[in-house]
Amino acid sequence: YHCFENEFNGKTLAQQLRHVEANGRMLQRYPMVVGEWSLALGQATWATCGSMGEEEVYKVFGRAQLAALRSASHGHFFWNWTERQEDLEWNFQVAFERGLLSGAPLELPAWDGRGDDPLEERCNPSPSEDPRVFYGEKVCLRVFYGRYVDVRGGAVNAQWPD
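What counts and what doesn't
Residues numbered from 1 in each chain as written. Predicted model: local features only at pLDDT ≥ 70, side-chain atom pairs only at ≥ 80, totals over all residues. Heavy atoms only, no water. pLDDT = per-residue confidence, 0-100. Helix = DSSP H or I, 4+ residues; strand = E, 2+ residues; numbered from the N terminus. Patch = residues over 30% accessible without salt bridge, like charges linked within 9 Å, V, L, I, M, F, W, Y side chains within 5 Å. Areas by Shrake-Rupley, 256 points an atom, 1.4 Å probe, with all protein chains shown as cover. Salt bridge = Lys/Arg side-chain N within 4 Å of Asp/Glu carboxyl O. Core = buried A, V, L, I, M, F, W, Y, C linked by side-chain atoms within 4.5 Å. Buried < 20%, exposed > 50% of the residue type's maximum accessible area, 1.4 Å probe, protein only. Contact = heavy atoms within 4.5 Å. Expected span 1.5 Å × (residues − 1). Axes fitted to C-alpha atoms, helices over the stretch in contact; angles between N-to-C directions. Parallel < 35°, antiparallel > 145°, perpendicular 65-115°, else oblique. Left-handed = near helix turned anticlockwise from the far one by under 90°.

Undergrad: Is there a simple way to explain the confidence of the model for the protein in this structure?
TA: Predicted coordinates in regions of low pLDDT should not be interpreted in detail. Overall, the predicted model of the protein reaches an average pLDDT of 86, with 91% of residues at or above 70. Predicted confidence in the protein is weakest over strand S3 (residues 138-142), with a mean pLDDT of 69, and strongest over helix H3 (residues 54-69), with 96.

Written out as structure tokens, the structure is:
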């Protein structure tokens, strides 16, 4: 799953997709079954999706996972066949009906692991306006494991996405 533990709670959408890509390479090398997978994502991911809506993010993520899972020599299982209707990321039937698991995966730009990943800019484009920050403006900083700290003037507050 890409939503539990500190490692996944702190990943951006681009990092989640790169992890799926790495999983695909591993599945090509070793015989295995993927016991469970879902569309659920860690906390920080949702702040790094640019202008993409929830369903578009699930489509990008779901299609990437299915492309990688095709290499699983002994198959894979989505968790869960059914769940509450509002829990889209855990409900195979609803995700399938909405087309989140069909279609071609997003073509990821090449990256050798050095320097800035071009996928980061593609998923969450930098603002085009003046990049300067002025005194008194609110600044949000991503810290460890997807948590945020906001600074306004001299006040610092923690923001917890859950």
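Undergrad: Whenever I open this one, a nonpolar patch on the surface confuses me. Can you help?
TA: Taken together, the side chains of Tyr 1, Phe 4 and Trp 79 define a hydrophobic patch exposed on the protein surface, amounting to about 290 Å² of accessible area. Within the secondary structure layout, Trp 79 lies in the loop between strand S2 (76-78) and helix H4 (92-97).

Undergrad: How do you make sense of the nonpolar core when you look at a structure like this?
TA: One finds Leu 13, Leu 17, Trp 37, Leu 39, Met 52 and Cys 123 to be the most contacted residues of the largest nonpolar core, which totals 28 residues. Going through the elements one at a time, helix H2 (13-29), strand S1 (34-37), H3, H4 and helix H5 (118-123) are the ones with two or more residues in this core. The greatest single-element share of this core, amounting to eight residues, is contributed by H3. Here Met 52 is in contact with Leu 13, Val 57, Val 60 and Cys 123, once residues within four sequence places are set aside.

Undergrad: Got a minute to help me understand H2 in this structure?
TA: Turn by turn, an α-helix covers 3.6 residues, leaving residues three or four places apart pointing in a common direction. Taking 1.5 Å as the rise per residue, H2 with 17 residues should run 24 Å; its terminal C-alpha atoms sit 25 Å apart, in good agreement. Those residues of H2 lying buried are Leu 13, Ala 14, Gln 16, Leu 17, Arg 18, Val 20, Gly 24 and Leu 27. Buried residues along H2 sit in contact with helix H1 (5-9), S1, H3 and H5.

Undergrad: Mind showing me how you'd approach the environment of Leu 17 here?
TA: Summarising the element assignment, Leu 17 is placed in helix H2. Overall, Leu 17 belongs to the buried group, its relative accessible area being 2%. Residue contacts for Leu 17: discarding those within four places in its chain leaves Val 60, Phe 61, Ala 64, Leu 106, Leu 108, Leu 119 and Cys 123.

Undergrad: Sorry, what's going on with the packing of H2 against H3 here?
TA: Two numbers describe how H2 lies on H3: the axes approach to 8 Å, and their chain directions differ by 15°. When the axes of H2 and H3 are compared, the pair comes out roughly parallel. Handedness of the crossing formed by H2 with H3: right-handed. Each of Leu 13, Gln 16, Leu 17, Val 20, Gly 24 and Leu 27 in H2 lies in contact with H3, whose residues at this interface are Val 57, Val 60, Phe 61, Ala 64, Gln 65, Ala 68 and Leu 69.

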